[in-house]
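Fold and contact review
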Amino acid sequence: MNRVGEVLGFLRESPGYVSGDYISSRLNLSRTAVWKYINQLKQMGYSFDTLKGKGYGLRSAPDRLYPWEIERHLHTSLIGRTIAYKDSVDSTNGLAFSMALADAAEGTCVVAETQKAGKGRLKRKWFSPYGKNLYLSVILHPKLHPARVYPITFLSSIAVHDTLTELGLKPTLKWPNDVLVNGRKLCGTLLELSTEADLVRFVIVGIGLNINMRRGDLGEEIRAKATSMLIEMKNPFERARVCGMLLDNLEAYYDMLSKDGVAKLCRVWEERAQIKGVRMEVVQMANVVRGVAEGVDEDGALLLNDNGTIRKIIAGDVTF
Ligand code: BT5
C-alpha cells in the first residue's frame, strides 16, 4: 500500500478524529507531508471534517477502484498484491500486456474507471462507461503449453460466477467466455497471451464485469442483450469490494489449476454451466453448427453431438 493509502488507513480505523501529529509519528512523516497526503486524498474525492486541536475525521469516500480500496477486501497472496489504477486507459489488457513485457510480477492487476478502446474477442468493442463497472486485467504465468491455456477463460468465468452467487445473483455460464443473468450478458473475458517456443511467457486475463451500469447507460447496440448487477438486484454494489472478492476467487481457482490441472478446471466449468445435454447452435463466421452439448474438452473446446458425430468447436458464438 502506498503512503496515501496508509494515511487513509489511520483515518478509517479511528471512529473520531485523528491528529496530524499522531499520523506523522506513526508513519514517520513530517506534518507537512501528512497535510500534503490529506490534500491529495481530497483531490481524489475523499472528504474530511477538521476540528481545531483534534485533527481530521473521514466523512466520506468516493466510489473509486483505488488500489487501497480493493486491498481492504483482499485475502490473496499473489493476485492483486500489486494493482495499477488508471482513471482512463485505452484498454486495461493493452496496458497489462506492456507491463508484462516489461517484467511486471505475476498477479499484477490493472483496473480502470473507463476504457477508450475496450476490447472484446475478434476485434469487437467492450462498452466501458466511466465509474460504473469493473475493467480488470490480471497478469498470470501459468505453467502450461500454449495449446492448453484457453481454459483459463473458464477460470475467470467460474470466479465471476461464484462472486455473483455470493452476492445473491443467479448467474449462468455460456461457452466460451460469457457470464449471464436472466439470459443477458453481465461479464466477458478476453485472454491474450505471449508465448516463447513451447512455453507461455504470460497470459493477460481481461475481465469486464457490469456492476452499477443502469439500463439508460447501455449503448443502443447492446441494450437488449446486456445487463448489470444493479439492473438485476435493483441496488448498487461497492465496486472495490466486488473486485476484492473476485480476485480472491480467481486466486482460489488458479491454485486449483496449479494443483489439479486443466481437466479439473474444465469439469468445474461444465458443472457450473450445466451444459451437458443442452441443444445449441454455434455461429462461426458464415457457418452454423447445431448439436447437443457433450461438454468441453481439455483444450477448452466445446464438444457438440451432431446426430452421432462429435464436433469439436474451438471458436464461435453460442445460442440456445
Ligand atoms: C468479450 O468479448 O466478452 C470479452 C470482453 C472483455 C472485456 C475486458 S474489460 C477489461 C479488459 N480490457 C479489455 O480491453 N478487454 C477486457 P466477446 O465475447 O467478443 O463479446 C463482445 C460483445 O459483447 C460485443 O460485440 C457486444 O455485443 C457485447 N458487449 C460489449 N460491451 C458490453 C458490455 N459492457 N456488457 C455486455 N455486453 C457487451
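Before reading on, note that the structure itself is shown above.
Please read all numbers here as calculations on a predicted model, not as lab measurements.

About the cut-offs
Within any chain, residue numbers begin from 1 and follow the written order of that chain's sequence. With pLDDT at 70 or above as the cut-off, local features in this predicted model cover only qualifying residues; side-chain atom pairs require 80 or more to be listed or tallied, and sums for whole chains, interfaces and linings still use all residues. Here the side-chain values reflect all heavy atoms present in the structure, with hydrogen atoms and water set aside. Under the DSSP-based scheme used, a helix requires at least four consecutive residues in state H or I and a strand at least two consecutive residues in state E, with every element numbered from the N terminus. Here's how the labels work: a residue is buried when its accessible area is under 20% of the maximum for its type, exposed when over 50%, partly exposed in between, all with a 1.4 Å probe on protein chains only. Two residues form a contact once any of their heavy atoms are found within 4.5 Å. Strand pairing is assigned whenever DSSP detects at least two bridges linking the two strands. Residues grouped as a nonpolar core are buried Ala, Val, Leu, Ile, Met, Phe, Trp, Tyr and Cys residues, joined through side-chain atoms within 4.5 Å. Cysteine sulfur atoms that come within 2.5 Å of each other are treated as a disulfide pair. By salt bridge we mean one thing: a side-chain nitrogen of Lys or Arg within 4 Å of a carboxyl oxygen of Asp or Glu. Interaxial angle, 0 to 180 degrees, is taken between N-to-C directions of lines fitted to C-alpha atoms, where a helix line uses only the stretch in contact.

1. A look at the environment of threonine 163
Checked against the element boundaries, threonine 163 lands in helix H6 (residues 152–166). Looking at threonine 163, the relative accessible area reads 1%, which means it is buried. Considered as a pair, threonine 163 and alanine 224 are 61 residues apart in the sequence and their alpha carbons are 24 Å apart. Dropping the residues within four chain positions of it, threonine 163 is found in contact with Val242, Met245, Leu246 and Asn249.

2. Regarding the pairing of strand E7 (residues 178–181)
Looking down a regular strand, the side chains alternate between one sheet face and the other. Residues of E7 alternate between two faces, with Asp178 and Leu180 on one and Val179 and Val181 on the opposite face, all of them buried. Hairpin remark: strand E6 (residues 171–174) followed by E7, antiparallel, with three residues in the connecting loop. Bridge analysis of E7 against strand E8 (residues 184–196) gives four bridges, and the strand direction is antiparallel. Its bridge partner being in E8, aspartate 178 is matched across the sheet by glycine 188. Hairpin connection of E7 to E8: two residues between the antiparallel strands, including asparagine 182 at a positive phi of 50°.

3. Overview of the nonpolar core
Counting residues in each nonpolar core, the largest one holds 64 residues, and the members touching the most others are Leu209, Met229, Leu247 and Leu302. Not counting residues within four places of it along the chain, the set of residues in contact with leucine 247 comprises Ile70, Leu74, Thr76, Ile79, Gly80, Cys109, Leu136 and Val138. Counting 19 residues, the second-largest nonpolar core is a separate cluster that includes Val18, Ile23, Ala33 and Tyr46.

4. Considerations on the state of the cysteines
One pass over the full model with this rule turns up zero disulfides. The structure places no disulfide on cysteine 243, whose sulfur is separated from the nearest cysteine sulfur, that of cysteine 109, by 6.8 Å. Accessibility expressed as a relative area gives 0% for cysteine 243, which makes it buried.

5. Some details on the pattern of salt bridges
Inspection of every chain in the model, using the stated rule, returns 26 salt bridges. In this structure, glutamate 281 and arginine 290 form a salt bridge, with 2.9 Å as the shortest nitrogen-oxygen distance. Judged by its relative accessible area of 25%, glutamate 281 falls in the partly exposed class. Because the salt bridges share partners, they merge into one network encompassing Arg148, Asp297, Glu298, Asp299 and Lys312.

6. Let's talk about the sheet that holds strand E12 (residues 302–306)
Here we have five strands laid out as an open sheet, ordered E13-E12-E11-E10-E14, and antiparallel in their pairing. The sheet is open, and its two edges are formed by strand E13 (309–313) and strand E14 (317–319), each paired on a single side. For this sheet, the mean inter-axis angle between neighbouring strands, taken without regard to orientation, is 45°. The sheet contact formed by strand E11 (residues 287–296) and E12 spans four bridges and is antiparallel. Across the sheet, the residue bridging to valine 292 is asparagine 305, located in E12.

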